[in-house]
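Descriptive structure summary
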Amino acid sequence: MRPFTYERATSVADALRRTAGASREGERTAYLAGGTNLIDHLRLGIRETDRLIDVSHLDLTEVTELEEGGLRIGALARNADVAAHPLVRRTFPVVSAAMLAGASGQLRNMATMGGNLLQRTRCVYFQDLSTPCNKRDPGSGCSAIEGLGTYNALIGTSDSCVAVHPSDLCVALAALDVTVVVEGPLGERRIDFADLHRLPGDRPERDTTLERSELITAIEIAGPGFARRSRYRKLRERASYAFATVSVAAALEVRDGQVADVRIGLGGVSHKPHRALRAEEVLRGGPATHEAYAAAIAVEMEQARPGPDNGYKVTQLRRAVPAVLSALTEETA
Amino acid sequence: MSDAATEQGRDRARVDAPLKVSGLAPYAYEHELEDPLFLVPVLSTVATGAITGIDAEAARAVPGVALVLTHENAPRLALPTIPTLAVLRKPRVRYRGEIVAAVVADSLETARYAASLVRVDYAAPPSGPDVRLDPEDPGVRPLRRVMGVYPGQHTVGDVDGELAGAAYRVEGHYATPVNHHNPIEPHSMVALWHADLGPLATVQPRSTRLTVWDSNQGVVAPQGVLAGAFGLLPTQVEVISPYVGGSFGTKGMPHPHVMVTAMAARKLPGRAVKVALTRPQMFAGTGYRPETRQRVALAADEQGRLRAVDHEVFAPVSRVIPWVDPTAGPSLSMYASPTRRVSYRAQHLDIGPGTFMRAPGEYTGMFALETAMDELAREMGMDPVELRLRNEPEADPESGRPWSSRHVATCLTEGARIFGLEQQQQPGGRREGEWLLGMGVASASFPQMGMGPSLARITFTGGRYVVSMQASDIGTGAWTVLAQIAAQALDVPQDQVEARIGTTDAPYAIIAGGSTGTFGWGSAVVEAAQAFRAEHGSDPAEGATTRARTRMPQGVRGVRRMAFGAHFAEVAVSEVSGEVRVRRLYGHFDGGRIMNPRTARSQLVGGMTMGLSGALFEESYRDPRFGHVVNADLAGYHVAAHADVVDIEVGWVGEPDPWMGATGAKGIGEVGIVGVPAAIGNAIFDATGLRLRELPFTPVKVLEAWESSGPAPAATVR
Ligand SMILES: Cc1cc2nc3c(=O)[nH]c(=O)nc-3n(C[C@H](O)[C@H](O)[C@H](O)COP(=O)(O)OP(=O)(O)OC[C@H]3O[C@@H](n4cnc5c(N)ncnc54)[C@H](O)[C@@H]3O)c2cc1C
Ligand code: SF4
């Protein structure tokens, strides 16, 4: 671990001022929130910084109601608190369920909302300094394409990187209407959740569209509508405390046996939380049956490009998506 | 045998439990020493080759760095008998992750940072490293012996003839992956060379030159290795290891960090040098259970009596230490059969060596053999318990020697009754929603080896009996059980007895290995107690002391000693995800006399938990391009979480074995893990009709088997 200075920001403006000052002096900075991902990376040498700017004490932890039942969640609210929050549980059960499916109790007590969005891939080669990895060391090559491929992405991969985004929370957010509120040197910026994370392309070192000094201050989830009826299902190798092989977040509205509206977020399939737009499209207005759900995910999977080791993820999704949607259908009936 | 020793073992809480749960039991790294230094090793990033240069300037320049140790400045030592310990001798690399340098600094953070600045240049051999597993490689060779004692090639009778003409016959290819031990406490150690002893001290046998606080399975191993390397007498090396946070075999023999830390301390006399390996460093250089590829063929007559047992094993071995597990061992002794063939082949690779890991050989071999037995039972339409009962051997099939005791039949029938074993004629018929349910059974065995005698000393002081020996408690309960055995043998309440173990300042004892501790050390304790009473009577004077050694019954070489058991599993397999959940596991064991039901239960439940974990999750992926394990931490290498271990229970026969020495106890540290993966795999077959022959049974394997076995299951079409 490289030596660095530790400083505690007193306000959002103070945090931004410190980063601006550092960059003028050619110093690198990192915002510290819960630290559950960043500290590991500093220790392992995946990330180096000159100045660690602790934002975890900033007053950005509230969960407040927006019009039409939407919610604004402070970026520094802890995952455990948000998952247990009555408003969140009532309005967006899928968000609460996704968070509770992640990590462990201890980690959720530390992890923040903003940190969860910005956590980096768990690709083993990314974490092993002795192997090539384009994300960690641009241009060095991708070890995962021909290596341990069980957890690799299916959709939106590139020759440079086949890593997946590991967050559970983000899969739920991908299925909802979410805006990420960030504060930067030029003031506030509002980013559509779908535009926050990137596909790897030939710049896999960039996970998101955030600029270096930008600070996430809140996540806004628009009025729930039918998302009150939503579910999260995580498929993993052991019963708890493991990242998903794949996961499904879904919200469904059925009227007269027809799919009135549907949202599907998929985890473990791409470099960014994946919204299954093609499947949604196929389903809207069609019959609310298991067969239709199976057919829709099959359409979605047409774009999947599995490698030698991760074809099972396609099978998992083709079985899990219909199972989740059918369970939601039964709930409605 | 004294009356006291035949008294049934009592349920006792661990004497060290209060210290451990309150965090006061000092583990190796935690011994408080003045002004310690911290060592961080630098590992090679190539699998083979020459080191052409080490640039340590930047590391040395970091404030707080006391030493950068490389082959250029390391003390010259005698060549160690364990080849992996020949570190920092030559500018060469023998496997990826070998220690090529080490940094010592006044804080762990500084040492770690400086270690990241050490630049090592390598020249790769022209042919590149040889790290890819390939059973067809021309370099694959048959083995003559395995672990020095097992035959590498062994044939009795006309196996091929029997297989060709058999009424029933099954044949399968099985595979088991690399597993790592992953004890909770990492390998750690503190080394202190005593300064200012004066020139004469060197030649005084009783003056301690080097003190080591180490995490190990027995203090003799680091003591012997370090004394040998540094040209000291064993008595000049003191090893202190009262508490060890798990081992499972990986702390049986010292690993390179022990040597490197002692070398660093040698150059920094008077300063304690601490090391604790990180999880990835443990994956790189502290041994593992090697992978196997196996072929098992069984032939049986109309009644289900075996006519042939054929077991072939292929395994990779390290060029540094050619470690091979005796995987086909169970096929030599488990079942009666007129013909039998066992053979091993190995491929030599540029990889770090494997080592003992809980039930080495039996664990991997019984997976194949007990799965094959289930396949045979299915093939015949016979009850799997009945099939096993029909093949119970009168005497050890390999040696012809009578069993010291063998209660396999009781384990199977009692276990099946207690568990409620009920299998389906036609797999796949029991379901709860998307979950298919099934049950399975498998037997377990583990040989009881003589590891040589240990010594125990009993001293009466301050109104208490102190039992001291070099024995080690790696989480087994030795602190408690040895005191209990002594109390029983001395016929005094347990609170009048205190054990003193885990230090070289005690009579010699063998290491905690091969499940021998309780009966081996225990026998020495009983002998010492009896000798003590004979010498000092029942009212001993202060300071009265007596020593005795392990004694096994006359003629023990004429019998075959093994621990046995039977496992029963109930699983649920999700048609949606391919996840396997073990709902219940029950094991019934023949472990001789049970000395303390509480610690015995925890050994057996622990073994079964590890077996469950190995069956479903554990797999170290050695990248064939690089030669090292890349999922080298506990996020990448899955061990069972609490939620995976729902209901594990054990029972036992409890019959003392007179051939096990004064305790009548068999070793139970390892038998608990043996056979568990087969029982779970057999239950998966009962649930789904899928026969999985490769560990671990991950969703990938289940779904791939399903996809290739025909139509999609019902749940996906509802
Ligand atoms: C063992 C383990 C298991 C886990 N299992 C799961 C799992 O199953 N599912 C899952 O979803 N997650 C899992 N996680 C990941 C965990 O959810 C993340 O580590 C956590 O959410 C990160 O939040 P944090 O506040 O600790 O972030 P930090 O570690 O503090 O920060 C992470 C990154 O985000 C940046 N950052 C943080 N906050 C802001 C902000 N407000 N604005 C701008 N930048 C910011 C930091 O600079 C850093 O780059 C696991 C983690 C561990 C260690
Ligand atoms: S998949 Fe991405 S993160 Fe993984 S090795 Fe390749 S470039 Fe690195």
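Conventions adopted
- Residues numbered from 1 in each chain as written.
- Chains lettered and ligands numbered in written order.
- Predicted model: local features only at pLDDT ≥ 70, side-chain atom pairs only at ≥ 80, totals over all residues.
- Heavy atoms only, no water.
- Helix = DSSP H or I, 4+ residues; strand = E, 2+ residues; numbered from the N terminus.
- Rg over C-alpha atoms; globule rule 2.2 N^0.38 Å.
- Buried < 20%, exposed > 50% of the residue type's maximum accessible area, 1.4 Å probe, protein only.
- Contact = heavy atoms within 4.5 Å.
- Areas by Shrake-Rupley, 256 points an atom, 1.4 Å probe, with all protein chains shown as cover.
- Pairing = 2+ DSSP bridges.
- Axes fitted to C-alpha atoms, helices over the stretch in contact; angles between N-to-C directions.
- Near = heavy atom within 4 Å.
- Polar contact = N/O pair within 3.5 Å; in protein donor to acceptor, adjacent residues only side chain to side chain.
- Domains from an automatic or database assignment.
- 1 Å grid on protein atoms, 1.4 Å probe; cavity = no way out; pocket = protein on both sides within 12 Å on 5 of 7 lines; lining within 4 Å.
- Points joined across faces, edges and corners; volume = space filled by probe spheres on them.
- Nonpolar A, V, L, I, M, F, W, Y, C, P; charged D, E, K, R; others polar.
- Right-handed = clockwise from strand over helix to strand, strands pointing away.
- Salt bridge = Lys/Arg side-chain N within 4 Å of Asp/Glu carboxyl O.

1. With respect to the overall build of chain A
The secondary structure content of chain A amounts to 12 helices and 12 strands. Its C-alpha atoms give chain A a radius of gyration of 20 Å, near enough to 20 Å, the size a compact globule of 333 residues would have. Its C-alpha atoms give chain A principal-axis dimensions of about 65 × 50 × 35 Å. When the 333 residues of chain A are sorted by exposure, 59% land in the buried category. Long-range pairs, those at least 24 residues apart, make up 63% of the contacts in chain A with a sequence separation of at least 6. Total accessible area on chain A stands at roughly 13,500 Å², and carbon and sulfur atoms take up 48% of it.

2. Some points on the sheet that holds strand E10 (residues 246-255) of chain A
Residue and element names in this part refer to chain A. Taken in spatial order, the four strands make up an open sheet running E9-E10-E11-E12, and their pairing is antiparallel. With one partner strand each, in any of the chains shown, strand E9 (230-235) and strand E12 (274-275) form the two edges of the open sheet. As defined by bridge partners, E10 adjoins strand E11 (residues 258-267) across nine bridges and the pair is classed as antiparallel. Across the sheet, the residue bridging to glutamate 253 is aspartate 261, located in E11. Helix H11 (residues 290-300) contacts E10, E11 and E12 of the sheet and is inclined by roughly 45 degrees relative to E11. Taken strand by strand, helix H12 (residues 311-332) contacts E9, E10 and E11, and its axis lies near 35 degrees from that of E10.

3. Observations regarding the site of ligand 1
All names here are of chain A. The environment of ligand 1 is made up of 30 residues, and the closest members are Tyr31, Gly35, Thr36, Thr112 and Asp168. One of the backbone N or O atoms of glycine 34 is found 2.8 Å from an oxygen atom in ligand 1. Arginine 47 is positioned such that a nitrogen or oxygen atom in its side chain is 2.9 Å from an oxygen atom of ligand 1. Considering ligand 1 on its own, with 960 Å² of exposed area, one finds that the protein chains cover 93% of that surface.

4. A few points about the sheet that holds strand E24 (residues 545-549) of chain B
Residues and elements named next belong to chain B. The four strands lie next to each other as E23-E22-E21-E24, forming an open sheet whose pairing is mixed. Every other strand in the sheet has two partners, leaving strand E23 (497-500) and E24 as the edge strands with one partner each. Between one strand axis and the next, the sheet turns through 20 degrees on average, direction left out of account. When strand E21 (residues 455-461) meets strand E22 (residues 464-468), the two strands line up antiparallel, connected through five bridges. Across the sheet, threonine 461 pairs through a bridge with arginine 464, a residue of E22.

5. Points about the domain arrangement of chain A
Under the domain assignment, chain A is made up of domain 1 (1-58) and domain 2 (229-332). Inter-centroid distance (C-alpha atoms) of domain 1 of chain A to domain 2 of chain A is 38 Å.

6. Quick notes on empty space enclosed by the protein
This model, assessed by the stated rule, comprises 12 cavities of 30 Å³ or more. Within this model, the largest cavity holds a volume of roughly 420 Å³. A class-by-class count of the residues in the lining of the largest cavity yields 15 nonpolar, 11 polar and five charged.

7. With respect to the site of ligand 2
Of all residues adjacent to ligand 2, which total 13 residues, the nearest are Cys123(A), Cys133(A), Cys142(A), Cys161(A) and Val162(A). Residues that form the shell around ligand 2 fall into these classes: nine nonpolar, three polar and one charged.

8. Digging into the pairing of strand E3 (residues 51-54) of chain A
Residues and elements named next belong to chain A. Because side chains alternate across E3, one face comprises the buried residues Arg51 and Ile53, and the other comprises Leu52 and Asp54, equally buried. In this sheet, E3 lies alongside strand E1 (residues 5-8) in parallel orientation, the contact comprising four bridges. Residue pairing for E3: tyrosine 6 is matched across the bridge by leucine 52. Of the strand pairs in this sheet, strand E2 (residues 29-32) and E3 are connected by four bridges, and their pairing is parallel. Following the sheet pairing, tyrosine 31 is matched in E3 by isoleucine 53. In the classification by handedness, the crossover that spans E2, the intervening helix H2 (residues 38-44) and the parallel E3 is right-handed.

9. A few points about the domain arrangement of chain B
Structurally, chain B comprises domain 1 (4-26 + 454-550), domain 2 (31-126 + 186-282), domain 3 (138-180 + 287-398) and domain 4 (401-449 + 560-718). Relative placement of domain 1 of chain B and domain 3 of chain B: their C-alpha centres are 39 Å apart.

10. Topic: the pattern of salt bridges
Pairing between side chains of opposite charge can happen when the charged atoms of each approach one another. All names here are of chain B. In this structure the tally under the stated criterion is 62 salt bridges over all chains. Note that glutamate 312 is salt-bridged to arginine 295, the shortest N-O span being 3.1 Å. Pair noted here: glutamate 312 is in strand E17 (residues 306-318) and arginine 295 is in strand E16 (residues 292-300), with a separation of 17 residues, a long-range link. Assessed through its relative accessible area of 33%, glutamate 312 is described here as partly exposed. With a relative accessible area of 13%, arginine 295 lands in the buried category. For arginine 464, the salt bridge identified is with glutamate 498, shortest N-O distance 3.0 Å. In this pair, arginine 464 sits in strand E22 while glutamate 498 sits in strand E23, placing the two residues 34 residues apart along the sequence.

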